[in-house]
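What follows is the residue order along each chain.
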Amino acid sequence: MKERLVGGALMLAIVGSALFIAAYVSGGARIYEGLALALTAGALSAAAAGWALWLLPDERVADRIVTYPSRAAERRAQRGEFRTGVRAISRSRAVVRLLYAALGACAAALVVPFRSLGPAPGDALFHTRWRKGARLARGDGRAVRVDDLEIDSALTVFPADALGDPQSQAMLLRVPERLAPATRGYMVYSKLCTHAGCPVALYRAAAKELMCPCHQSVFNVLDNGAVVAGPADHALPRLPIEIAQDGTLIATSDFPQPVGPSFWERG
Amino acid sequence: MLERFLLWVDDRLGTAHFVRHALRKAFPDHWSFMLGEINLYAFIVLVATGTFLAMFFDPNAAKLTYHGPYALLAGTRVSHAYASALALSFEVNGGLLVRQIHHWSALIFLAGIVAHMGRIFFTGAFRKPREINWIVGLALFGLAMLAGFTGYSLPDDLLSGIGLRIADSVVLAVPVVGTWLSFLLIGGTFPTERIIPRLFVAHVYLLPSLIAAFIALHLIVVWRQKHAQFPGPDRTEHNVVGSPLFPRYAAKSLALLAAVVGVACALGALVQINPIWLWGPYEPWNAVNPAQPDWYVGWLEGGLRLGPPWALHFLGHTVGSPFWPTVLLPFVLFAVLLVWPWIDGAIRRDRDAHQLLDLPRNVPWRTALGVALFLFMFGLTLAASGDVQARYAHLPITAITTFYRFFCLFGPPVGFGVTYVIASELRATGGVQQATRIRLRRNAEGGFDEELLR
């Protein structure tokens, strides 16, 4: 009876294999291919388990642990051989020291090429592509005009000459005009979260807060991007802007602080 | 046939002595000893499926305009990497199945490793003489996490790009060398076109080779040392009692291999995982919410959400808030685990070798400590999906975060206390009282042996 069950499982594995080939040849529906493979493997598993539990003798064997530690005489002999060798090597102390120095120099030489992996950081993290007079543009390059945004709405903007530049990405918001009269309610914040660099993509207009979808840091846009909640450790940098005479929005300088997460040289 | 082959090998290598003993090698029968084997088999599935995927994946960050069968992305600018991941999902027969089996196997691999480590920790299997394999296992755990992370970062979809952005911010939070490290790792300011090719080298060559090498070392050491065993009749500190490798244990282990393959295939067939076409290609200014990493990175992601908003400023330098949960915590965790066999030995004032495992209840403080660590990590991991929980529970995300902050602060001490009391009580009473049980075993001669069960 039990042998029949094991045999049945093995037959099922053959059927499963055939089904898989059929599923593959007939166009490869993922679910059928996968289920056929699962059936094959499952049947093989059942067969092997049944075989092990029902058909094979359930013996006990006891292995004695004799391979370690080695016998004391062996250990003494090992120590003796090692010491003899070390004595032979260290007869000339000066050369041994030179050997260490040479190996150290070698290692240092092998580390140097790692320098090729990337450029020096320099001040790359301190600047973005925003500068005085840079026009605010949408991702597709269209400039933003002063009547483009409804109050309490937000838009991702870039410098017009650096569309899609990750470091320069910024959130343009419009709050009621009385809250920022000089720019008719417009304000711009870096879109790089100061915590872990995710895009601060959620603008909660009612609370006047920007929220990061990754770790839920919350920044107050009416308080120069100050951290309200969450793990961010410093405020979201704010881009100074003005309204140009032709009605477009332009930056008056780069961000006053480095954008994105903290780093060692940030100060 | 096989018999003749063994003789052929023995003629040339003299293996008969080794093989004779290997065939009768004792493998303890307790189910928890098979957790490690699950990992071995999951790794085999990973290598097999990963090789298939590598035939089709193009680790190239340069952009093209997508014109594949997934109509919703038609005309979108995407990287070659993303396009090839879509192509192997939609245009290669069996491609999506293999991709999903690969991803599910990675989750199983990591889950098996954590479970296996738990068994080793709670039963004191890391004690002398098994410190070497504890360290090798710990290295495998770290390598497996890296392999998983580099893997799901490869397709260049929106989620993986955000994950990489966060990882780069973690690197930037490393004191002193962080900025340089970031620039050398990714070749510039995030994101760069070098990231995907470098991840590919790490994921398909460097990490799998290291994992394979460490697995080999792990197995060689366990073979040489032989298994530890739970206390029981006939079991001493100088032997190991169990089923012989051949034929019974080999058959059981084969059943487990097939079961792992079967489960991975069933999951790959039925349970969708990482549908990259829904997330879309990575653009640095796009984000999705809710968004979570694979489960084994959850403790780091959760740590980032719960972590304190503290930055250190001194002498014109900054250490940012990601430092605490994602630089300091993993460093301390791995450092303590690395030297744990010696800490544990010092606490127990024990330098002897052991073949008999501790029953967890018999070392209440260690068990309690393990439970406390588990609760801490569990809290961090759950916090990583706080945004999903907020959505379903209709609670503000800040309330969820506050809850997990309290959970991670107070859960572990409470868990420690409760476990300590229960374990001490069990130790004092000798465990749950059970009737004496006898098992009849069929022996090689066709008769039956009686075995007294604990």
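Conventions used here
- Residues numbered from 1 in each chain as written.
- Chains lettered and ligands numbered in written order.
- Predicted model: local features only at pLDDT ≥ 70, side-chain atom pairs only at ≥ 80, totals over all residues.
- Heavy atoms only, no water.
- Helix = DSSP H or I, 4+ residues; strand = E, 2+ residues; numbered from the N terminus.
- Buried < 20%, exposed > 50% of the residue type's maximum accessible area, 1.4 Å probe, protein only.
- Contact = heavy atoms within 4.5 Å.
- Areas by Shrake-Rupley, 256 points an atom, 1.4 Å probe, with all protein chains shown as cover.
- Domains from an automatic or database assignment.
- Buried area = accessible area lost by both parts, 1.4 Å probe.
- Core = buried A, V, L, I, M, F, W, Y, C linked by side-chain atoms within 4.5 Å.
- Pairing = 2+ DSSP bridges.
- Axes fitted to C-alpha atoms, helices over the stretch in contact; angles between N-to-C directions.
- Parallel < 35°, antiparallel > 145°, perpendicular 65-115°, else oblique.
- Left-handed = near helix turned anticlockwise from the far one by under 90°.
- Nonpolar A, V, L, I, M, F, W, Y, C, P; charged D, E, K, R; others polar.
- Salt bridge = Lys/Arg side-chain N within 4 Å of Asp/Glu carboxyl O.
- Polar contact = N/O pair within 3.5 Å; in protein donor to acceptor, adjacent residues only side chain to side chain.

Peer 1: Would you mind going over the overall build of chain B in detail, with residue names and values included?
Peer 2: Helix and strand content of chain B: 17 helices and 8 strands. Principal-axis analysis of the C-alpha atoms gives chain B an extent of 75 × 60 × 45 Å. Counting over 454 residues, chain B shows a buried share of 52%. Considering only intrachain contacts with a sequence separation of at least 6, the fraction spanning at least 24 residues in chain B is 75%. When the accessible surface of chain B is totalled, it reaches about 21,600 Å², and 70% of it is carbon and sulfur.

Peer 1: Go over the domain arrangement of chain B with me, naming the residues and quoting the values.
Peer 2: Residues and elements named next belong to chain B. Partitioning chain B into domains gives domain 1 (30-358) and domain 2 (361-454). Distance from the C-alpha centre of domain 1 to the C-alpha centre of domain 2: 23 Å. With 30 residues of domain 1 at the interface, the matching set in domain 2 holds 26 residues. Interface area, domain 1 with domain 2, both sides summed: about 2,200 Å², of which 67% is carbon and sulfur.

Peer 1: I'd like a description of the nonpolar core, backed by residues and values.
Peer 2: Membership of the largest hydrophobic core comes to 120 residues, with the highest contact counts inside it found for Leu173, Leu210 and Val221 of chain A together with Phe57, Phe109, Trp134 and Ile211 of chain B. For this core, the leading source of residues is helix α5 (residues 95-122) of chain B, giving 14 residues. Not counting residues up to four positions away in its chain, the partners in contact with Val221 of chain A are Leu173, Val175, Met187, Tyr189, Tyr203, Lys208, Glu209 and Leu210 of chain A. Formed by 18 residues, the second largest nonpolar core is a distinct cluster that contains Ala134, Val144, Ala170 and Val188 of chain A.

Peer 1: Before we move on, could you go through the pairing of strand β9 (residues 226-229) of chain A and cite the residues and values that matter?
Peer 2: Residue and element names in this part refer to chain A. For strand β8 (residues 218-220) and β9, the ladder comprises 3 bridges, and the chain directions are antiparallel. Across the sheet, Asn220 pairs through a bridge with Ala226, a residue of β9. Counted between consecutive antiparallel strands, the loop separating β8 from β9 contains 5 residues, among which Asn224 sits at a positive phi close to 55°.

Peer 1: Summarise the packing of helix α6 (residues 131-152) of chain B against helix α9 (residues 195-225) of chain B; cite the residues concerned and give the values.
Peer 2: All names here are of chain B. Where α6 contacts α9, the axes come no closer than 9 Å and their chain directions differ by 160°. Here α6 is positioned roughly antiparallel relative to α9, judged by the angle of their axes. The two elements α6 and α9 cross, and the hand of that crossing is left-handed. Along its contact with α6, which presents Ile132, Asn133, Val136, Gly137, Ala139, Leu140, Leu143, Ala144, Leu146, Ala147, Thr150 and Gly151, the element α9 presents Leu199, Ala202, His203, Leu207, Leu210, Ile211, Phe214, Ile215, Leu217, His218, Val221 and Val222. By residue class, the composition of the contact of α6 with α9 is 18 nonpolar, 6 polar and no charged.

Peer 1: Mind laying out the sheet that holds strand β2 (residues 136-137) of chain A, listing which residues take part and the relevant values?
Peer 2: Strands in a sheet are paired, the pairing made by backbone hydrogen bonds, and the direction either parallel or antiparallel. Residues and elements named next belong to chain A. Reading across the sheet, the 5 strands line up as β2-β3-β4-β5-β10 and stay open at both edges, with antiparallel pairing between neighbours. Where the open sheet ends on each side, the last strands, each with one partner, are β2 and β10 (238-239). Both strand β4 (residues 170-174) and strand β5 (residues 186-190) contribute to a ladder of 5 bridges, which runs antiparallel. Looking across to β5, one finds that Leu173 is bridged to Met187.

Peer 1: Help me get a handle on the interface of chain A and chain B, residues and values and all.
Peer 2: It is common to report an interface's size as the accessible area lost on association of the parts. In this complex, chain A contributes 69 residues to the contact, which on the side of chain B involves 85 residues. Together chain A and chain B conceal approximately 6,800 Å² of surface at their shared face, both sides included; 61% is due to carbon and sulfur atoms. The tally of links from chain A across to chain B stands at 3 salt bridges. Of the charged contacts, one joins Glu59 of chain A and Arg24 of chain B as a salt bridge, the two residues approaching to 2.8 Å between their closest N and O atoms. Seen at the junction of chain A and chain B, the total is 28 residue pairs in polar contact (both at pLDDT 80 or more). The element that contributes the greatest number of residues to the side of chain A that touches chain B is helix α2 (residues 30-55) of chain A, accounting for 15 residues. In terms of residue class, the side of chain A that touches chain B is built from 40 nonpolar, 17 polar and 12 charged.

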